[in-house]
Amino acid sequence: MRLTTLLGAIGAVSPRGPVKPAELGGLAIDSRQVKPGDVFFALEGTQSDGHDYVQMAADKGALAAVVSREVPGAAVEQFVVPDTREALALAACEFYDHPSLKFPLIGVTGTNGKTTIAFLIRQILGHEGIICGLLGTVCNILGPDRREPSELTTMQAHEIQQKLALMLDYGCRSAVMEVSSHGLDQKRNYGCCFQVAVFTNLTPDHLDYHPDMEHYYRAKSLLFESLGKQGRAVIGWDDPYGARLAKGIDGPLITYGERPGSSVRIVSWRPLPVGAEVELEVFGKRIGGPVGLLGRFNAQNIAAAVAAGYALGIQADSLQRVLPILEPVPGRMEPVEAGQPSQVLVDYAHTPDALEKALKAAREHTHGRLICLFGCGGCRYREKRPAMGRIAVGLSDLTYITSDNPRREKPEEIVGQIVAGAKEAGARQGKDFMVEPDRRAAIFSAVAGMQPGDTLLIAGKGHEDYQILPTGKIHFDDREVALEALKEQGYCQS
Ligand SMILES: Nc1ncnc2c1ncn2[C@@H]1O[C@H](COP(=O)(O)OP(=O)(O)OP(=O)(O)O)[C@@H](O)[C@H]1O
Ligand SMILES: [Mg+2]
């Protein structure tokens, strides 16, 4: 692509007049990854400012730099724009030839449920024979048998457009992506044209990034401003923020929830020994039956995915047929089986609301004691730690407080903040909790202490196969470790 075409697409001006004709290589935001011929975009971040790296980009052979203020003396042609994040997103749309205009793109946002709903939507479309790509927390799926690990729930703007373009190359006829509030606030999916936008719920989290819930809400609602002309909003309005958002939608709106008047209404949810039974009303038409997902909160997620399917033109009959074959999502209420007379569930709950929902859901599938094992991530929203301690002790019969991903923080300090909340609830209800900062040791001791009929909920890391310690990243998978612990108790996978 010619540099002039790209500059035209982002409305960039050169302080030095007409631009020399040149073919550009690619787009870059990290000066260390600049290749000769690339255009470097200087983004201002919370930790660093790309303007400080314009010279390094020049040294690496950048063809040009897009900046929001000129960097004096840098040996590369600079083009000034009001907002380099917006410019990067628009440039990427142009560079990858607007892939989001070429197939239905579904965006899912909200504090919890994004990954689960994205996976369910992909399954519903797959059942219709529509190959659907996926971008999200657990992995990126670019086409049949083209799965790759994922670093961020919502990747950078140029990466999003690149992946969407690859999906088209690999035969996808639709795509679903998780849209985080960080991604929205930083305009990573700016320029994407969404045919369907889904809102799940909004509860306290990421308030280390957003100054308050209002800012967090506003960031989430941005997704609904990037709905295309025919775009449809799908909103979970049992959630107060969802109800507020629904009021502000002037285009086509599909609501879901238990509330009377929901377009997709949750009529009932009944836990079964394995899975559950759900009944929904889709625009007045009843569908329902057994589903392979555990946990009452999944009634909301299934209703959201069904509503999104409906928004894409899939009829209730077809939605009825796909319900019984919906598969659970990796690391979300995922059972670990070794023939033991008790239940071990691995879940990704890492917010107060998610832990509360996961524990209440697990309680419905428990005949004996409910045991909870969890920690909290380091260098993340600290205020949620005592709250999660209170919830865990309050809703389970026995709690193990351990480490999650401490990152650069001292594991003992994080555990101490959780214990503060746990003590409060424990004192109130005369309940006990154990502290074991070593996650592996905690899982082994929890499993060793289980009795027939008990349920152990191992929360917080879900699908992750690593642990980030102050000393670095190690391989750690809750499902593998739980299986090893069960084997040590004499059980074995059949
Ligand atoms: N609809 C829901 N309401 C509340 N909690 C939920 C809901 N769906 C899932 N959860 C809980 O939240 C956890 C995370 O679910 P999921 O991965 O689908 O959310 P997410 O929004 O993708 O999270 P993240 O922002 O970390 O990517 C689950 O393991 C479960 O405990
Ligand atoms: Mg996710």
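Please refer to the structure placed before this passage.
Going along each chain's sequence as written, the residues are numbered from 1 onward. Here the convention is simple: chains get letters from A, ligands get numbers from 1, in the order in which they are written. Owing to the predicted nature of the model, reporting of local features is limited to residues with pLDDT of at least 70; listing and counting of side-chain atom pairs is limited to 80 or more, with chain, interface and lining totals taken over all residues. The side-chain figures draw on all heavy atoms in the structure; neither hydrogens nor water molecules are used.

Novice: Explain the coordination of the magnesium ion (ligand 2) to me, using residue names and the numbers behind them.
Specialist: Distances decide who is a donor: an N, O or S atom must be within 2.8 Å of the metal, or within 3.2 Å for Na, K and Ca. Water is not included, so sites may look incomplete. At 2.1 Å from the magnesium ion (ligand 2) lie its protein donor atoms, namely Thr115 (OG1), Thr137 (OG1) and Glu178 (OE). The motif formed by the donor residues of the magnesium ion (ligand 2), counted along the single chain, is T-x21-T-x40-E. In this pair, Thr137 sits in the loop between strand E6 (132-135) and strand E7 (139-141) while Glu178 sits in strand E9 (residues 174-178), placing the two residues 41 residues apart along the sequence. Per residue, the accessibility class of Thr137 equals that of Glu178, and both read buried. Helix numbering and strand numbering both begin at the N terminus, where a helix is a DSSP run of H or I of at least 4 residues and a strand a DSSP run of E of at least 2. Buried, partly exposed and exposed residues are distinguished by accessible area as a fraction of the type maximum, computed with a 1.4 Å probe on protein chains only: under 20%, between the cut-offs, and over 50%, respectively.

Novice: Would you mind going over the sheet that holds strand E4 (residues 77-80) in detail, with residue names and values included?
Specialist: The strand order across the open sheet built from four strands is E1-E2-E3-E4, with neighbouring strands paired in parallel fashion. The sheet is open, and its two borders are formed by strand E1 (27-28) and E4, each paired with just one other strand. Any two strands with at least two DSSP-identified bridges between them are counted as paired. As paired elements, strand E3 (residues 64-67) and E4 share four bridges and run parallel to each other. Note on E4: the bridge partner recorded for Val66 is Phe79. Residue contacts follow a heavy-atom distance rule, with two residues in contact if any of their heavy atoms lie within 4.5 Å. Between N-to-C directions, angles span 0 to 180 degrees; the directions come from axes that are lines fitted to C-alpha atoms, helices contributing only their stretch in contact. Strands E1, strand E2 (39-41), E3 and E4 of the sheet are contacted by helix H1 (residues 3-10), whose axis makes an angle of about 25° with E2.

Novice: Tell me about the sheet that holds strand E5 (residues 105-109), residues and numbers included.
Specialist: Spatial strand order, E8-E7-E6-E9-E5-E10-E11-E12-E13-E14-E15: 11 strands in an open sheet with mixed pairing. In this open sheet, the two edge strands, each paired with only one partner strand, are strand E8 (147-149) and strand E15 (285-291). In this sheet, adjacent strand axes meet at a mean angle of 20° when their direction is disregarded. Direction of pairing for strand E12 (residues 253-257) relative to strand E13 (residues 264-271): parallel, over a ladder of two bridges. Paired with Tyr256 across the two strands is Val264, which belongs to E13.

Novice: Outline the packing of helix H14 (residues 439-448) against helix H15 (residues 478-488), supporting the account with residue identities and numerical values.
Specialist: Look at H14 against H15: their axes get within 9 Å of each other, and the N-to-C directions meet at 45°. Put simply, H14 runs oblique to H15. The hand of the H14/H15 crossing is right-handed. Contacts between H14 and H15 involve Arg439, Arg440, Ile443, Phe444 and Val447 from the former and Asp478, Val481, Ala482, Glu484, Ala485, Leu486 and Glu488 from the latter. Here the residues of the contact of H14 with H15 sort into seven nonpolar, no polar and five charged. Our angle categories are set so that under 35 degrees counts as roughly parallel, over 145 as roughly antiparallel, 65 to 115 as roughly perpendicular, and the remainder as oblique. Two helices that cross are described as forming a left-handed crossing if the nearer one is turned anticlockwise from the farther one by less than a right angle, and a right-handed crossing if clockwise. Think of it as three bins: nonpolar holds Ala, Val, Leu, Ile, Met, Phe, Trp, Tyr, Cys and Pro, charged holds Asp, Glu, Lys and Arg, and polar takes everything else, Gly as well.

Novice: Describe the pattern of salt bridges, listing the residues and the values that go with them.
Specialist: Each reported salt bridge corresponds to a side-chain nitrogen of Lys or Arg within 4 Å of a carboxyl oxygen of Asp or Glu. In the structure shown here, the tally under the stated rule is 30 salt bridges. Of the charged contacts, one joins Lys384 and Asp205 as a salt bridge, the two residues approaching to 3.1 Å between their closest N and O atoms. One end of the pair, Lys384, is in helix H12 (residues 384-395); the other, Asp205, is in the loop between strand E10 (194-199) and helix H7 (213-221), and 179 residues separate them in sequence. Look at Asp205 and you get buried, because its relative accessible area is 2%. One salt bridge in this structure joins Asp397 and Arg363, with 3.0 Å as the shortest N-O distance. A residue pair is termed long-range when its members are at least 10 positions apart, and Asp397 in the loop between H12 and strand E19 (398-401) and Arg363 in helix H11 (residues 352-364) qualify at 34 residues.

Novice: Report on the pairing of E19, specifying residues and quantitative values.
Specialist: Within a regular strand, the side chains alternate between the two sheet faces. Side chains Leu398 and Tyr400 of E19 all project onto a buried face; the interleaved residues Thr399 and Ile401 project onto the opposite face, where all are buried too. As judged from the four bridges shared by strand E18 (residues 370-374) and E19, these two strands associate in the parallel manner. The residue bridging Ile371 from the neighbouring strand is Leu398, located in E19. Call a crossover right-handed when, viewed with both strands pointing away from you, the route from the first strand across the helix to the second goes clockwise. With respect to chirality, the unit in which E18 leads through H12 into the neighbouring parallel E19 is right-handed. Examined bridge by bridge, E19 and strand E20 (residues 433-435) share three bridges and lie parallel to one another. Bridging across to E20, Ile401 finds its partner in Val435. A crossover connection joins E19 to the parallel E20 through helix H13 (residues 411-429); in handedness this β-α-β unit is right-handed.

Novice: How would you summarise the packing of aromatic side chains if you had to cite specific residues and measurements?
Specialist: Within a pair of aromatic rings, the relevant descriptors are the distance that separates the centres and the angle that separates the planes. Note on aromatic pairs: the rings of Phe, Tyr and Trp (six-membered ring only in Trp) are paired at centre separations within 6.5 Å, and the planes decide the class, stacked below 30 degrees, edge-to-face beyond 60, tilted for the rest. Under the counting rule described, the total for this entry stands at three aromatic pairs. Here the aromatic rings of Phe95 and Tyr96 are separated by 5.0 Å at their centres, their planes lie at 90°, and the arrangement is edge-to-face. The class of Phe95 is partly exposed, set by a relative accessible area of 22%. The class for Tyr96 is partly exposed, based on a relative accessible area of 22%. Geometrically, the ring pair formed by Tyr217 and Tyr241 is tilted, given 5.4 Å between the ring centres and 35° between the ring planes. Placement of the pair is Tyr217 in helix H7 and Tyr241 in helix H8 (residues 240-247), with a sequence separation of 24 residues. What makes Tyr217 buried here is its relative accessible area of 6%. When its relative accessible area of 22% is taken as the criterion, Tyr241 is described as partly exposed. Both a distance and an angle decide whether a charge sits over a ring: NZ of Lys or CZ of Arg must be within 6 Å of the ring centre and within 35 degrees of the ring normal. Here Arg259 stacks its cationic end above the ring of Trp237, 3.7 Å away from the centre of that ring. The aromatic ring of Tyr466 is capped on one face by Lys473, whose charged end is 4.4 Å from the ring centroid.

Novice: Any details on the site of ligand 1? Residues and values, ideally.
Specialist: Taken together, 21 residues form the shell around ligand 1, and within it Lys114, Thr115, Thr116, Thr137 and Asp347 come nearest. N or O atoms within 3.5 Å of each other form a polar contact, as long as, within protein, one can give a hydrogen and the other can take it, and as long as residues adjacent in sequence are counted only when both atoms are side-chain atoms. Here an oxygen atom of ligand 1 and a side-chain polar atom of Asn112 are 3.5 Å apart. A distance of 2.6 Å separates an oxygen atom of ligand 1 from a polar side-chain atom of Thr116. Each accessible area is a Shrake-Rupley result for a 1.4 Å probe, and residues are judged covered by the shown protein chains and nothing else. For ligand 1, the accessible surface in isolation is 630 Å², of which the surrounding protein chains cover 96%. Of all the elements in the fold, those that place two or more residues in the shell around ligand 1 are helix H4 (114-127), helix H9 (297-311) and H11. When its residues are assigned to classes, the shell around ligand 1 shows five nonpolar, 10 polar and six charged. In this text, near means that some heavy atom of the residue lies within 4 Å of the molecule or strand in question.

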